[in-house]
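Analysis of the macromolecular model
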Amino acid sequence: MSRTSSSTIWLPRSRRSPAIARQRLAALLSSTPHGDRFLDSGLVVTTEFVTNAVLHGTPIGHLIYFALDVDPTRLRIEVHDARGDRLPALSAPGLDGETGRGLHLVDSLTKHWGCCPRRPVGKIVWGEVAA
């Protein structure tokens with residue numbers, strides 16, 4: 001892999017969006033030399049970020065912007081949504097809880113991840129998976 005490859009797509013606020021995003025990720029990585037080394041972790045991070053945007057970050061009538069960038073050393077995943085007031089946060093999931101573990105997975109699978117404002121409205125949740 002000697003150069004950067006990228007892909008972007010606007011996604012609807014839909015239960016189908018995580019699957020669409022995973023397909024986009026798989027297509028980009030399959031067309032990138034040695035991109036498969038980012039696939040497993042990238043799929044988990046993509047699913048978590050897009051699912052959170054659908055469930056918590058995107059009001060009705062708004063879209064989600066999904067951006068991927070891969071180079072020889074890392075895969076960067078970005079999800080832009082319209083809710084700047086709902087920031088991702090690691091929480092302690094209960095033993096019987098069915099939610100609250102996703103960002104812990106993201107934290108363990110990424111070299112860096114975070115959130116920043118998106119102008120004029122919303123936020124960008126991003127993560128970098130290293131080779």
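A brief structural summary. What you see is a predicted model; the values in this text were computed from it and never measured.

Now for helix α1 (residues 17-30). In a regular helix each residue adds 1.5 Å, so 14 residues correspond to 20 Å; α1 covers 20 Å between its end C-alpha atoms and thus fits that length. Among all positions in α1, only Ser 17, Pro 18, Ala 21, Leu 25, Leu 28 and Leu 29 are buried. End-on, the buried residues of α1 take up no more than an arc of 100°, which puts them together on one face. Opposite the buried face of α1, by more than 90 degrees, sit the exposed residues Gln 23 and Ser 30.

So, on to unusual backbone geometry. Cis rather than trans, the peptide bond between Arg 119 and Pro 120 has omega equal to 10°. Among the secondary structure elements, Pro 120 is positioned in the loop between β4 (112-117) and β5 (123-130). Positive phi values are uncommon outside glycine, yet His 34 reaches one of about 65°. You can see His 34 is positioned in the loop between α1 and α2 (39-57).

The rules behind these values
Residues numbered from 1 in each chain as written. Predicted model: local features only at pLDDT ≥ 70, side-chain atom pairs only at ≥ 80, totals over all residues. Heavy atoms only, no water. Helix = DSSP H or I, 4+ residues; strand = E, 2+ residues; numbered from the N terminus. Expected span 1.5 Å × (residues − 1). Buried < 20%, exposed > 50% of the residue type's maximum accessible area, 1.4 Å probe, protein only. Arc of directions from axis to C-beta.

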